[in-house]
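# Working through the structure, step by step
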Amino acid sequence: MTATILRANSRNFGIIAHIDAGKTTLSERILLKTGEIHRAGEVHEGTATMDSMDLEKERGITIGAAATRCAWNGHAFTLIDTPGHIDFAIEVERSLRVLDGAVTVLCGVAGIQPQTETVWRQAQKHGVPTIVFINKMDRSGADFGRVVGQIGARLGALAVPLTIPVGAGDAFEGIIDVLGQRFLAWNAAGVMSSSALPAHLLAAAEAAYAHAAAVAADGSDSLTLAFLAADTLSPADVRAGLRAMTLARRAVPVLSGSAYRNAGIEPLLDAIIDWLPSPDERAAPVARLDGETVTVGTGDADPLAALVFKVVHDDHGSLSYVRLYGGTLREGDAVWNASLGATVRVGRLYVIHADRRTGVAQAQAGSIIAIAGLKDALTGHTLSSKAVPLVLETIHAGEPVVALAIEPGKGGDRGKMLAALDRFRREDPSLRLESDPVSGETVLWGMGELHLDVVLERVRRETGVEVTVGAPQVAYRETIAGPAVELEGKVSKQNGGSGQYARVVLRVERFDGAFAFENAIKGGVVPANFIPAIEKGVRQALAQGPLGYPVTGVKVTLLDGDYHAVDSNDMAFAVAAKEGTLAGLKRAHPLMLEPVMTVNVDAPAVNAGDVIGDLQRRGGKVLGIEEQTGRVEVVADVPLANLFGHTTSLRSLSQGRAFASAVYARHAPRMQQRAEAVAA
């Protein structure tokens, strides 16, 4: 087959969800049904193919996004299984950045959960078409209709059920194939059977088909006319219309089943082919070339444009995961790392199968591959050609919110510890390593307690270094609470000879975004060449405000100023702007902000009072309580600083039967109740 046909029959997709929705179990069943593996591993047994790291097997969670290849009905799949825990959100972010489609997994019992909304927003940000698989229909309390309703109410998406479960919990029998108008069931061995719909299921099947046809009719003008003429569409037309609606992200096909029981997997595989795009069906990315924005050519013969989206290190060296948007990449090629401005040599090329590799001689546009030993490559780097040095948009990691002061158990192990942490930092851009200027301590910043715990456990295992840690600290910010103020910043050192002179008048005010700088001077009272230095000084002031924390939610406007033809320079204006901004911040009533997390607790109903009381003692504000067949779901906003130890406390008060997840919500004014109140 030609490369074009291969691309048309390729699907690069990810599996995304809230923690414990069943992503990895679903990935295992996909590999089993496609013949990639012959026995499905289980997350709870630590045998899942996609969870290859020892820590993943031991903890029963996905930590790093894992890629694999498989095939179904003449189509090649590249599948990336992503973590569900918010602490590893960078893995979802960088996966969605390079994928063409996504399968969002929802728990049939819990429905839409906090991290579901987070990963959904990430997919929408990157324009990734999505289908939904409602999992765990064999679990007690599963309710397909309720979860479908949440898709519209909570995610704002137009849900189109295409497989409808028959029964739930122990009464789960199989599914209705809406477009095929048939009943599908699976035996204990996971073998699918198909039969005509029983009479009592016909009404539900016909109603679902009518809804799918009505949505598909909006896929094109011709389909709209056909629907108006006949009040329905043929199955082929419904498929065509739904494909157009899904690729345009105007509709979301919804499927259902039980991954653990191997039920619903084959229809999902067909849906991936039917509704998710090939690489050729995604809009071509844009890049910067010589200061201009250009559209990247996506053919094999086009100039090379590839994005490094993940870097890992093992005993064999580094491995860089790359999405190839345009051009062809061959083993041994000399390519241009446009992010570094340097030529690098391409080592071995690999197709990845979880923790296994298969060498390939070359890779074409639209593929996802791995390169061994790519020198100095980091997440977000662009590979192109020196003749056409395209620079793709990089990958942005979230700001870390939790830090630990760390020291090696033995002084002589510091070098080994720092070397390991630097390697992990290169792998994970959401980690930050710094030295406290006052105490001299090494401080490791991450996305949460679990994130840092995993990193430090890897240090211990991979280097043999015992690491001691201090008390956790959180990423406070500050803003201003008062009205706008105007302040002068001035530097005047003119005692003869070479001097320093700069004067600026600035307005400091609240701002809905993170930061804005505006130049509002008139008449050239400050030459244009000094404006960048003034903005630099403003940014320096905002890096550490009057309370000692980074400043957000502030706009600074340059109103007036003065300069000297001889004594003015960039340094003088930067200093004047920094001092003027700091003075303005002090006058505008600085206000400390703390990270607030939205916490979702699933607990037995008998423990509801204890759960709510514990959250309130931590300064939490309960947002909602929902009861579901003997269990209760409590959602609350809680200051991050008060959440340390929450998991242990929750386990104790519920005898291990409750679990919680927390998603970063926002920075908010610091609440009065602090961690000391919890300890009391």
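As the structure is a prediction and not an experimental result, all values here were calculated from the model.

### Let's talk about the overall build of the protein
The secondary structure content of the protein amounts to 17 helices and 38 strands. The C-alpha radius of gyration computed for the protein amounts to 28 Å, which stays within 12% of the reference 26 Å derived for 680 residues, consistent with globular compactness. Its C-alpha atoms put the protein at 100 × 65 × 60 Å along the principal axes. A total of 680 residues make up the protein; the buried ones form 54% of that total. Intrachain contacts of the protein at a sequence separation of at least 6 include 72% that bridge at least 24 residues. Of the roughly 28,500 Å² of accessible surface on the protein, a fraction of 51% belongs to carbon and sulfur atoms.

### Quick notes on the packing of helix H11 (residues 414–427) against helix H12 (residues 449–463)
It is the contact of H11 with H12, at a shortest axis distance of 10 Å, that shows an interaxial angle of 125°. Taken together, the axes of H11 and H12 are oblique relative to one another. The two elements H11 and H12 cross, and the hand of that crossing is right-handed. Counted together, Lys416, Met417, Ala420, Leu421, Arg423, Phe424 and Glu427 of H11 and Val455, Arg458, Val459, Glu462 and Thr463 of H12 form the full contact between these two elements.

### Topic: the sheet that holds strand S12 (residues 286–289)
Sheets are built from strands paired through backbone hydrogen bonds, the pairs being either parallel or antiparallel. If you trace the 3 strands from one edge of the open sheet to the other, you get S13-S12-S24, paired in antiparallel fashion. Taken across any chain shown, the strands that pair with only one partner, and hence form the sheet edges, are strand S13 (292–295) and strand S24 (391–392).

### Some thoughts on the pairing of strand S30 (residues 477–480)
Along S30, one buried face is formed by Arg477 and Thr479 and the opposite face, lined by Glu478 and Ile480, is buried too. By the bridge criterion, 4 bridges tie S30 to strand S35 (residues 590–604) in an arrangement that is antiparallel. From the neighbouring strand, threonine 479 faces S35, where its bridge partner is leucine 591.

### Side note on H11
Along an α-helix, residues three or four positions apart point the same way, because every turn accommodates 3.6 residues. Taking 1.5 Å per residue as the helical rise, H11 with its 14 residues ought to reach 20 Å, and the 20 Å between its terminal C-alpha atoms agrees with that figure. For H11, every residue scored as buried is listed here: Met417, Ala420, Leu421, Phe424 and Glu427. Buried residues in H11, looked at end-on, bunch into an arc of 110°, giving them a common side.

### Some thoughts on the sheet that holds strand S22 (residues 368–372)
Judged by pairing direction, the sheet is antiparallel, and its 8 strands sit side by side in the order S18-S17-S23-S14-S15-S22-S19-S20 without closing on themselves. Here the strands that pair on one side only, and so sit at the sheet edges, are strand S18 (342–345) and strand S20 (356–360). When strand polarity is set aside, the average angle formed by the axes of neighbouring strands in this sheet is 40°. Along the sheet face, helix H4 (residues 89–98) touches strand S14 (305–314), strand S15 (317–326) and S22 and points at about 145° away from the line of S14.

### What to know about the side chain of threonine 382
Along the polypeptide, threonine 382 turns up in strand S23 (residues 382–384). Ignoring sequence-local partners within four residues, the contact set of threonine 382 consists of Ala306, Leu307, Trp336, Asn337, Ala338, Ser339, Leu390, Val391 and Leu392.

### What about the packing of aromatic side chains?
Under the counting rule described, the total for this entry stands at 4 aromatic pairs. Geometrically, the ring pair formed by phenylalanine 309 and tyrosine 321 is edge-to-face, given 6.1 Å between the ring centres and 65° between the ring planes. Of this pair, phenylalanine 309 sits in strand S14 while tyrosine 321 sits in strand S15, and the two are 12 residues apart along the sequence. Phenylalanine 309 gets classed as buried once you look at its relative accessible area, which sits at 3%. Here the aromatic rings of phenylalanine 530 and phenylalanine 573 are separated by 4.7 Å at their centres, their planes lie at 25°, and the arrangement is stacked. Residue phenylalanine 530 is located in the loop between strand S33 (515–519) and helix H13 (531–543), and its partner phenylalanine 573 is located in helix H14 (residues 570–587); the two are separated by 43 residues in the primary sequence.

### A closer look at the pattern of salt bridges
Under the criterion given, the structure shown has 32 salt bridges. Across the pair arginine 460 and glutamate 457 runs a salt bridge whose closest N-O atoms are separated by 3.7 Å. Residue arginine 460 and its partner glutamate 457 are located together in helix H12, separated by 3 residues, close to a single helical turn. Two residues, glutamate 462 and arginine 458, come together in a salt bridge whose shortest N-O distance is 3.0 Å. Of this pair, glutamate 462 and arginine 458 both sit in helix H12, 4 residues apart, which is roughly one turn of that helix. Connected via shared salt-bridge partners are Glu399, Arg432, Glu434 and Arg477.

### Some thoughts on the nonpolar core
Nonpolar side chains in soluble globular proteins tend to be buried together. Of all hydrophobic cores here, the largest spans 76 residues; its most connected members are Leu26, Val103, Ile134, Val238, Leu242 and Ile272. Excluding anything up to four places from it in sequence, valine 238 contacts Leu179, Tyr209, Ala212, Ala213, Ala216 and Leu233. In this structure, Leu431, Leu452, Met592 and Val611 belong to the second largest nonpolar core, which totals 37 residues.

### Observations regarding unusual backbone geometry
One non-glycine residue, aspartate 231, lies in the positive phi region at around 65°. In this structure, aspartate 231 sits in the loop between helix H8 (221–230) and helix H9 (235–247). For aspartate 231, a relative accessible area of 61% translates into the label exposed. Residue histidine 589 is not a glycine yet carries a positive backbone phi of 60°.

### Brief notes about the side chain of histidine 353
Here histidine 353 is to be found in strand S19 (residues 349–353). At a separation of 3.4 Å, a polar atom in the side chain of histidine 353 contacts the side chain of threonine 358. Beyond its immediate sequence surroundings of up to four residues, histidine 353 is in contact with Glu36, Ala67, Thr68, Arg69 and Thr358.

### Comments concerning the environment of glycine 14
Its location among the elements puts glycine 14 in strand S1 (residues 10–17). Each C-alpha atom of the pair glycine 14 and valine 98 lies 9.7 Å from the other, and the pair is 84 residues apart in sequence. Sequence-distant contacts of glycine 14, defined by excluding residues within four places in its chain, comprise Ile80, Leu99, Gly101, Ala102 and Val103.

### Topic: the environment of proline 114
Note that proline 114 resides in helix H5 (residues 114–125). Note: C-alpha distance between proline 114 and valine 599 (485 residues apart in sequence) is 7.9 Å. Not counting residues up to four positions away in its chain, the partners in contact with proline 114 are His18, Asn600 and Val663.

### A look at the confidence of the model for the protein
When pLDDT is averaged along the protein, the result is 88; 93% of the residues meet or exceed 70. Of all the helices and strands in the protein, helix H17 (residues 675–679) carries the lowest mean pLDDT, 36, while strand S11 (residues 252–256) carries the highest, 98. Low pLDDT, under 50, characterises residues 1–5; the predicted model gives this stretch 4 contacts beyond four residues in sequence or across chains. Every residue in residues 672–680 is under pLDDT 50, and counting partners more than four places away or in other chains gives 14 contacts.

### Things to note about the packing of H9 against helix H10 (residues 265–275)
Each pair of packed helices can be summarised by the angle the axes make with each other and by the distance between the axes. Contact geometry for H9 and H10: axes closest at 9 Å, N-to-C directions at 75°. As the angle between them shows, H9 and H10 are arranged roughly perpendicular. Contacts between H9 and H10 involve Arg239, Leu242, Arg243, Thr246 and Leu247 from the first element and Ile273, Asp274 and Trp275 from the second. Grouping the amino acids of the contact of H9 with H10 by side-chain chemistry returns 4 nonpolar, 1 polar and 3 charged.

Scoring rules and cut-offs
- Residues numbered from 1 in each chain as written.
- Predicted model: local features only at pLDDT ≥ 70, side-chain atom pairs only at ≥ 80, totals over all residues.
- Heavy atoms only, no water.
- Helix = DSSP H or I, 4+ residues; strand = E, 2+ residues; numbered from the N terminus.
- Rg over C-alpha atoms; globule rule 2.2 N^0.38 Å.
- Buried < 20%, exposed > 50% of the residue type's maximum accessible area, 1.4 Å probe, protein only.
- Contact = heavy atoms within 4.5 Å.
- Areas by Shrake-Rupley, 256 points an atom, 1.4 Å probe, with all protein chains shown as cover.
- Axes fitted to C-alpha atoms, helices over the stretch in contact; angles between N-to-C directions.
- Parallel < 35°, antiparallel > 145°, perpendicular 65-115°, else oblique.
- Left-handed = near helix turned anticlockwise from the far one by under 90°.
- Pairing = 2+ DSSP bridges.
- Expected span 1.5 Å × (residues − 1).
- Arc of directions from axis to C-beta.
- Phe/Tyr/Trp six-rings, centres within 6.5 Å; stacked < 30°, edge-to-face > 60°.
- Salt bridge = Lys/Arg side-chain N within 4 Å of Asp/Glu carboxyl O.
- Core = buried A, V, L, I, M, F, W, Y, C linked by side-chain atoms within 4.5 Å.
- Polar contact = N/O pair within 3.5 Å; in protein donor to acceptor, adjacent residues only side chain to side chain.
- pLDDT = per-residue confidence, 0-100.
- Nonpolar A, V, L, I, M, F, W, Y, C, P; charged D, E, K, R; others polar.

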